[in-house]
There are 2 protein chains.
Amino acid sequence: MTRTLPLALAVLATFAAQAADKPTRIPDAALKAAAELRERGLKDDTAWDFTEGLTTEVGARLAASENDAKAREWVAAKFKALGFDKVWSEPVTYPKWVRRGEHAEMTAPFAHPLAVLALGYSPGTPGGGLSAEVVGFDSLDALKAASDDSVRGKIVYVGPRMHARKDGGDYGKVGSPVRVNGPALASGKGAAAFLLRSAGTDDNRLPHTGVTDFEKATPIPAAALSSPDADLLERALKRGKPVTIRLALDCGIEGMYTGANVIGEITGRTKPKEYFVMGGHLDSWDPGTGAIDDASGIAIATGAAHLIAQLPKRPLRSVRVVAFANEESGLFGGKAYAAAHAKEIAHAVLGSESDLGADRIWQITASVKPSARDAVAQMAEAIKPLGVEYDASAPGRGGSDLSAVHAAGMAAVSLHQDATRYFDWHHTANDTLDKIDPEQLRQNVAVYAVVAYLAAEADGDFGSAPNAFPQDGKE
Amino acid sequence: MTRTLPLALAVLATFAAQAADKPTRIPDAALKAAAELRERGLKDDTAWDFTEGLTTEVGARLAASENDAKAREWVAAKFKALGFDKVWSEPVTYPKWVRRGEHAEMTAPFAHPLAVLALGYSPGTPGGGLSAEVVGFDSLDALKAASDDSVRGKIVYVGPRMHARKDGGDYGKVGSPVRVNGPALASGKGAAAFLLRSAGTDDNRLPHTGVTDFEKATPIPAAALSSPDADLLERALKRGKPVTIRLALDCGIEGMYTGANVIGEITGRTKPKEYFVMGGHLDSWDPGTGAIDDASGIAIATGAAHLIAQLPKRPLRSVRVVAFANEESGLFGGKAYAAAHAKEIAHAVLGSESDLGADRIWQITASVKPSARDAVAQMAEAIKPLGVEYDASAPGRGGSDLSAVHAAGMAAVSLHQDATRYFDWHHTANDTLDKIDPEQLRQNVAVYAVVAYLAAEADGDFGSAPNAFPQDGKE
C-alpha cells in the first residue's frame, strides 16, 4: 500500500468521517438467531470432520509441494460437498522451497547425533555438508554485539527460551525474531551457518521449523535444533573446549510456483457483494500434518459458514471462507488477496482469521470505526456464554492472512485462542490431529458462527474503507 | 537356577529356618546417622553431576555399540574419582544388534511418511524394503484369533493403548506384551512384517523402541510407530480401502560382543564380604541419551554410596554399586551377575535397583525373611519423612537387573518411583537430561542412601540364601 496523505491528516480525515456516522447496531432478531447458532455450533462436528479429512487424506502441505495442489482440490471439493453457493480460486505465485533432507551431528568434544530441521528458504550446505566450530550466543543482541572476527567461518548458535503463555506472546517477542532475523545477521558477520534453539515451548526431541529472511543478506544454511539438543549443545559449550558440528542440509529454492487461494461463499440475500471474511491457511510445514497450523483454522471457518448455510434463509450479507495459499513462507495468499480485492475494500465489512490452533477462544478484540463499537459489544455479549471476554481497549487485527487486507482498510475482529499449548507443537512433526480437542474445536465454531452471522446481519458497517486503520497499516 | 527340592518342601524348609531366627534389628546409632544422611542427600548433587556427565560426554549407549565401551570407561573413572574403595569389571557376553536406519511410509490409499523405530533383534527388510498391505488388530488376542490366511504376506499392525499410571502398570500389562510377543506371533502366521503402536503413554511423533523376542519364531522385520502415526494408520484403515505401507529397516545381529558389569564398592569395616547391592543399567536405547533409562539409576546408587563413603567411618558391611551391562536386550548383565555370585548369595544381604526413572520414590516394598520384617519397617520409618509409604503386604523384588540374583535367593527391597511421566519418554529420543527434575533426583538419593546404610549396619540379615524366595524365583 502506498499512502499519499501524511499519517496525521489521514487519522483526522478518518475521525471526521466517523463522527458523522449513525451507530452500527445488530437487530434483535439476528441476536436471537445467533443464540441458536451458538448452541448448534457446540454440537456440530463439521470442523472436526474437515480437520480429520484434510490431515488424513492429504497430510503435510508444504507450499509449492505436490500436496499443496492436492489440498486445493480437497478443500474446493469439500466446500462444494457442504453446499457453499460459490466456490472459486484466485492464483497466488510464490517461490518453491524444497526440503530433501537434513543431518547434523556434534563431532567434538563428544559425538552425538542432533535433531535438526532446516528453516524455510535455507540454502543447502555444500556437497557432503560442512563442519565448523560453534560459537554460541544467548540472544540476538549478544550476536549483534559480537565482532565479525569472532563469528567468521563458524556455526553461530543462538538460544532463545520461550515460555508458554495464554496469548502466545513469547513467539513474537522471543522465538520468531531469532529464527527470522538471526540467520541474516550471522551471514552479515561471515558465519558459515546458523542454528537456533527451536522457537517453541516444549521439551521434545522434535525441532520447530519456520521461515527465515534472507532478503537483505547472502543466504547461509540455517536450521533449528530441538530443545533437548540445544541443551546438549549448551552443556558441551560450557565445558570450554572447542565444539564442532557437522551440518548437512539438502534443501533450497527451485524457481517459482503458482498456487491459489481457495474461496467458498454463502451468498447474502440482500447485499451479496458485501461479506464477512474468515478462514485459515491451506499450507502447512512439512514435518507434521498441519492439524493445528492450520487445517483447524479453515475447518472452524468452514464449520461456522456451514452452520449459517443451514439457517432457513441466507443472511443479508455474504459469508466468505478463504483457504489462503502459502502463509508460512511470507503471507503470499493474504497479500494476493489484499491486492486482488483492494478496490472493493468497503465490501469486506469485517474479517477474522483463525491461525492459533483450536483451543478455546477466550477473548475478542476489534479494530473497527468508533460508531461500530456498540455492535462489537453486542457480538461480545452473544459469545460471552462461550467463555469469551471482550477487551474493548485492544486492537483486533484479524490474524496473519488478513493482515494485508486489514492494513488496506478492512475492519477486523480477533478471536483469540488460548495459545498455552500451541507452541509446544507449532511447526513440528507433532502438529497432528490428536492435538485437537473436539470439544474446544466446537467452541471455536460456535464463536465464529455467531460473529460471522451478526456481522452479516448488522444494520450498518464496521468502517472498512481504503486505509481506514492507518495505525495498524504501519505494522 | 535348577531347583532340586520340590517347591512345597523348599518353602517348608525356609519357614523352619526362619522360625528359629532372632529378629533382625537396626541399632539406634545407625538410625541416627541415617537421619543425617537423609538430610545431606537432599542437598547432594553427585547424582545430577553423574547423569549430566554420562548423557553429555557419552550419550546414547546401545549395548555392543562403541558407546557401550566408552560408558564402561566413563563409569569406572567416575567411581575412582569419587573415592570408591574398589572398582572392577566382570565380563558379560551378548549379541551385537545394530541399527543403521529405518524408513516407513504409507503408500495407499494416502501418501504419508511414518515415524518408526525398528525393535531390538528385528532383522532388516530385504534390500530396498518391502511393501505390503496392512491388517490391523486391536490386541494380541485378536491377532491370536485371526486365521493364518488373513495375515499371510501382510504387515500386521497391533494397536495397544497404554495409560499413564503411578505404578507404570500398563507397560507390563498392555504395552510390553505386544512388543515382546507380537512379532513372533505374527511370524508364526506368515506375516511379512510387524508394526505396533508404541508402548508409551505420550502423544509425541517419537516412536518407542524396545526389545522383541524371536527365540521361538522366524524373525521378521518389526518396528514401532509413534502414537500419532498409529492414529493415522487406524484412520486410514477405518476408511475400508486397502492400506499399504513400504517399510525399510536396515538393522540386524552382527555376532556376539563381550561387555561388562562395572562395579564400585565402599568396603565395610567389619564384614567386608557382606554387602548391600544397588545400581542401574549402563546400556540405553539409542534414540535418546539414556538419561531416565538408566543413567539416573546408576547415578542414584552412586550418589547414595558416595554419601555413605563421606561418613566418618565405613559401615559394618560393604555397599556395592553395579552398572549392569545390556539390560535392554535381555537382562544379560543381571543374569551374568547372578551366575558369577551364586555361591556367595548369603553375602548379598539385600539389594535394590533403580530402573524406573528419577521421579519421587513414593513406596517401599520388600521380599525378606519374616524375622527381618521389623528391620524393613525401621527402614521405612527412616524414609517416611521423604514421603515414602510402606506396603508391608507386597513383595519387593529389587528391580530388573537384580531379578536373577533375587530369584537365586537374595533378599530384596523395591523403592518405587512415581512412573506417571516415565512411559512418555521411555525408549524414545526424548529420554534426555531435561526430563530429570534435580529435586526429585535428590529425594531418590536420600532414600537409597538411608536404605543402603541401614542394611549395611543391621544387626542380623534379611534372609538371603540359595533359593530363599521360591515364589519370586518362579517369575
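One can find the structure itself at the top, above this paragraph.
All values reported here derive from a predicted model rather than from experimental measurement.

Caption draft 1: A look at the packing of aromatic side chains. Residue and element names in this part refer to chain A. Enumeration over the complete set of coordinates arrives at 16 aromatic pairs over all chains. Plain terms: the ring middles of tyrosine 94 and phenylalanine 332 are 5.9 Å apart, the flat faces sit at 40° to each other, and that makes the pair tilted. Remark: phenylalanine 332 occurs in helix H10 (residues 332–340) and tyrosine 94 occurs in strand E1 (residues 86–108); sequence separation between them is 238 residues. Residue tyrosine 94 is classed as buried on the basis of its relative accessible area of 0%. Members of the aromatic cluster, connected to one another through ring pairs, are Tyr94, Tyr257 and Phe332. Directly above the ring of tyrosine 275 sits arginine 320, whose terminal nitrogen or CZ lies 3.6 Å from the centroid.

Caption draft 2: Summary view of the interface of chain B and chain A. The partner chain A presents 29 residues to the 30 residues of chain B that form the contact. Carbon and sulfur atoms make up 45% of the surface buried where chain B meets chain A, a total of about 2,300 Å² over both sides. The largest per-residue losses of area from chain B upon contact with chain A belong to Thr56(B), Arg205(B) and Arg235(B), which jointly make up 25% of the total buried on that side. Counting the contacts that link chain B with chain A gives six salt bridges. Close ionic contact of Glu57(B) with Arg239(A) constitutes a salt bridge, the shortest N to O distance being 2.8 Å. Summed over the shared surface of chain B and chain A, the result is 19 residue pairs in polar contact (both at pLDDT 80 or more). Where the side of chain B that touches chain A is concerned, the elements lending two or more residues are helix H3 (46–57) and helix H8 (227–238) of chain B. Its residues assigned to classes, the side of chain B that touches chain A comprises 10 nonpolar, 10 polar and 10 charged.

Caption draft 3: Fine view of the pattern of salt bridges. Residues and elements named next belong to chain A. Evaluated as defined, the whole model comprises 58 salt bridges over all chains. Between arginine 442 and aspartate 45 there is a salt bridge whose closest N-O contact spans 3.0 Å. Separated by 397 residues along the polypeptide, arginine 442 in helix H14 (residues 438–457) and aspartate 45 in the loop between helix H2 (28–41) and helix H3 (46–57) bring together distant segments of the chain. A salt bridge links aspartate 141 to lysine 144; the nearest nitrogen and oxygen atoms lie 3.8 Å apart. One end of the pair is aspartate 141 and the other is lysine 144, both in helix H5 (residues 140–145) and three residues apart, which spans about a single turn.

Caption draft 4: Region of the structure containing the relation of the copies chain B and chain A. Superposing chain B onto chain A takes a rotation of 180° combined with a translation of 0.0 Å along the rotation axis, leaving an RMSD of 0.0 Å. Accordingly, the operation relating the two chain copies is best matched by a two-fold axis. With an isologous cut-off of 70% or more, the 97% of interface residues of chain B that recur at the interface of chain A puts this contact in the isologous class.

Caption draft 5: Region of interest: helix H11 (residues 373–383) of chain B. Three or more residues of H11(B) are buried, namely Ala375(B), Val376(B), Gln378(B), Met379(B), Ala380(B), Ala382(B) and Ile383(B). Of the surrounding secondary structure, the elements contacted by the buried residues of H11(B) are helix H2 (28–41), strand E11 (348–353), strand E12 (361–367), strand E13 (389–390), strand E14 (412–417) and helix H14 (438–457) of chain B.

Caption draft 6: Up close: unusual backbone geometry. The omega torsion of the bond from Asp293(A) to Asp294(A) falls at 15°, within 30 degrees of zero and hence cis. Tracing the sequence through the fold places Asp294(A) in helix H9 (residues 291–309). One non-glycine residue, Ala64(B), lies in the positive phi region at around 75°. On the secondary structure map, Ala64(B) appears in the loop between H3 and helix H4 (66–81). Residue classification places Ala64(B) among the buried residues on the basis of a relative accessible area of 3%. A positive phi angle, near 55°, is found at Leu331(B), a position not held by glycine. Mapping Leu331(B) onto the fold places it in the loop between strand E10 (317–324) and helix H10 (332–340). Residue classification places Leu331(B) among the partly exposed positions, given a relative accessible area of 25%.

Caption draft 7: How the structure looks around the pairing of strand E6 (residues 193–197) of chain B. All names here are of chain B. Of all five residues in E6, five are buried; the element is thus mostly enclosed. Burial of E6 is two-sided: the residues Ala193, Leu195 and Arg197 facing one way and the residues Phe194 and Leu196 facing the other way are all buried. Across four bridges, the pairing between strand E5 (residues 155–158) and E6 is parallel. If you follow valine 158 over to E6, its bridge partner there is leucine 196. For the crossover that starts at E5, traverses helix H7 (residues 169–188) and ends in the parallel E6, the hand is right-handed.

Caption draft 8: Main features of H7(B). All names here are of chain B. Between its terminal C-alpha atoms H7 stretches 28 Å, which fits the 28 Å expected from 20 residues at 1.5 Å a residue. Turning to H7, its buried residues number three or more, namely Gly169, Asp170, Tyr171, Gly175, Ser176, Val178, Arg179, Gly182, Pro183, Ala184, Ala186 and Ser187. In this structure, the buried side of H7 is in contact with helix H5 (140–145), helix H6 (148–151), E5, E6, strand E7 (222–225) and helix H13 (422–425). Where H7 terminates, the next one or two residues include glycine 190, which has phi positive at roughly 90°.

Caption draft 9: Here's a closer look at the side chain of Ser227(A). Residues and elements named next belong to chain A. As for its placement among the helices and strands, serine 227 is situated in helix H8 (residues 227–238). Classification of serine 227 by relative accessible area gives buried; the value is 16%. Discounting residues that sit within four places of it in the chain, serine 227 has contacts with Arg197, Asp202, Asp203 and Asn204.

Definitions and cut-offs
Residues numbered from 1 in each chain as written. Chains lettered and ligands numbered in written order. Predicted model: local features only at pLDDT ≥ 70, side-chain atom pairs only at ≥ 80, totals over all residues. Heavy atoms only, no water. Phe/Tyr/Trp six-rings, centres within 6.5 Å; stacked < 30°, edge-to-face > 60°. Helix = DSSP H or I, 4+ residues; strand = E, 2+ residues; numbered from the N terminus. Buried < 20%, exposed > 50% of the residue type's maximum accessible area, 1.4 Å probe, protein only. Lys NZ or Arg CZ within 6 Å of the ring centre and 35° of its normal. Contact = heavy atoms within 4.5 Å. Buried area = accessible area lost by both parts, 1.4 Å probe. Salt bridge = Lys/Arg side-chain N within 4 Å of Asp/Glu carboxyl O. Polar contact = N/O pair within 3.5 Å; in protein donor to acceptor, adjacent residues only side chain to side chain. Nonpolar A, V, L, I, M, F, W, Y, C, P; charged D, E, K, R; others polar. Least-squares fit on C-alpha atoms with pLDDT ≥ 70 in both. Pairing = 2+ DSSP bridges. Right-handed = clockwise from strand over helix to strand, strands pointing away. Expected span 1.5 Å × (residues − 1).

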